[in-house]
Amino acid sequence: MSRILVAGIGPLPDPKQRHVFAPGLRLLSFLRSLRNDGHELALVEAPFNPDGAPSKSAVPMPLLEHAAVAAEPAEFRAAINRISTQRNIEAVVATSDVAALGAATSSFPGPLYVDYYGHPLAERQQQAAEANNNAALAKAWEYVLPVLLRADRFSACSQAQRLALLGELGAAGRLNAQTCGHDLVDVIPPVLAIHEELPPSRAGFLRERGIPAGAPVILSTGGFNNWFDEETLFGGLQKVMMADHEIHFAATGGEIPGAVVDVFRRFRDRVRSSAFADRVHLLGWLEHDDFLAACREAWVAVVCDHPTLEGELGARTRTIGWLWSGLRVVCTESGENVRALSDARWIRTVRPRDTSALADALRAELALGRRGEAEAESLRREVRRRFSEEELFLPVVRWARRPRVAHDREHTGKVQNPLADWQRFVLAERNRVEELEGQLAAAIELADRLEGSRLFNSFFGGRPEIMGALARIRSLRKVVPPSSDAVKPPPHES
């Protein structure tokens, strides 16, 4: 079997872990699927929060090495360079855009498999709309293009995302004579990443947090991301809760630290000024066991999103976990996995931005009551069967058994097409410009110091040609960019 380095965004789910996002669940599924097939693994893990300190998750398997890095491509690149050499790595699997860019720009020449769990550019579009600022779009493309030009195989979470990714590969020149007839993109849909048994019900968990015993509870879990429609959710809850004073709403999660905070805060402010504020319980991010306890006591879970390309191309991972925990689910219409769950009559979907439709759907699901234990266990078995890692992760498992570079990289190791040449030229020019900017900044600093030097002025202050030269150097200050971090896209959550 192969020695494989896996790189991605954590944290991995753990009983005491508070912040678990879709990338961490996806990363664990890759690790578990490859390890179960007998491969030796090394792991490079970064935190979801771009500003967070590197930390290691508890990993339920032996590893060749486990490196914790910051969520920066350069950090991934350095770790991949070192570990691939020291551990004789045969292939790299990168999940998420930041890890993929680090892998694609590393010195590792061998087979590279990249998983995009959700469409990076569609997610950046929604982030740009939320910020009313397109400044990060160019940076987002700089994250994606080097990966399109370097990786040997890809996976996406839906057929729609696969087609979008194939379009990007075509634009990058990867649909060429050498790759004709060879599929570059697998589809690995969302899976049930939770393998442990559901813990026994902890009666009273929600009651301890101010919710009366037996009250109908609507639940929201996870991050309020840029595509979360807090206005429609509030409007739907308002209609339901004003008509029935027994109903309570609880939210675990909320702000996404270091990435998205305004969406949740707008929802919180709406709630605080409402007539039913005392029946809304914002519980924050909970440890995993407490999160499961909340799911066991709630009746209905709800996800309310804007209609976006992110949703059409991506997935709603949380819906699968909700079904596994026995919850009824109301979800706005979006991509393939939501449509599949709706077609199976496992969840109820509503039109986006339709407050009345959302309220009607919540009332209908609440009227059915919380699932009984027998019904919930039957559903749990079906969810385990239908969303099994063993079946859905077969594409990457088969690739890992005989990893190989793509057919257009077989002989030279580099993709030969005009866009690849252009990208190499752009990177070379950027490095040259950055070097010149550094030299210019140093010259300006020296001119400032000389102008303020009494000794210098005593010797040269009377020489207009020298003082004029210093003034011209200082006048170039406006062409030197300010020293600030470039706008970069944060890790994403599907």
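Described in the following lines is the structure provided in the data block. (Residues numbered from 1 in each chain as written. Predicted model: local features only at pLDDT ≥ 70, side-chain atom pairs only at ≥ 80, totals over all residues. Heavy atoms only, no water.)

This brings us to the pairing of strand E12 (residues 328–332). Of all the five residues making up E12, five are buried; the element is thus mostly covered by neighbouring parts of the structure. By the alternation rule, side chains of E12 split into Arg328, Val330 and Thr332 and Val329 and Cys331, which are all buried. Bridge analysis of strand E11 (residues 300–303) against E12 gives four bridges, and the strand direction is parallel. Among the inter-strand pairings, valine 300 is bridged to a residue of E12, identified as arginine 328. With three bridges joining them, E12 and strand E13 (residues 348–350) adopt parallel strand pairing. Within E13, the residue paired with valine 330 across the bridge is arginine 348. Between the parallel pair E12 and E13, the chain is carried across by helix H12 (residues 336–343), and the sense of this crossover is right-handed. (Buried < 20%, exposed > 50% of the residue type's maximum accessible area, 1.4 Å probe, protein only. Helix = DSSP H or I, 4+ residues; strand = E, 2+ residues; numbered from the N terminus. Pairing = 2+ DSSP bridges. Right-handed = clockwise from strand over helix to strand, strands pointing away.)

One open sheet holds the seven strands; their spatial order is E3-E2-E1-E4-E5-E6-E7, and the pairing between them is parallel. Two strands bound the open sheet, and with one partner strand each, they are strand E3 (65–68) and strand E7 (185–187). Taking each pair of neighbouring strands and ignoring which way they run, the sheet shows an average axis angle of 15°. Here three bridges tie strand E6 (residues 153–156) to E7, and the two strands are oriented parallel to one another. (Axes fitted to C-alpha atoms, helices over the stretch in contact; angles between N-to-C directions.)

Moving on to unusual backbone geometry. A cis amide bond links glycine 10 with the next residue in sequence, proline 11, at an omega value of 0°. Assignment of secondary structure puts proline 11 in the loop between strand E1 (3–9) and helix H1 (22–36). Even without being a glycine, asparagine 88 presents a positive backbone phi close to 50°. With respect to the helices, strands and loops of the structure, asparagine 88 is situated in the loop between helix H2 (73–86) and strand E4 (91–95). You will see that arginine 353, though not glycine, has its phi angle at about 60°, which is positive.

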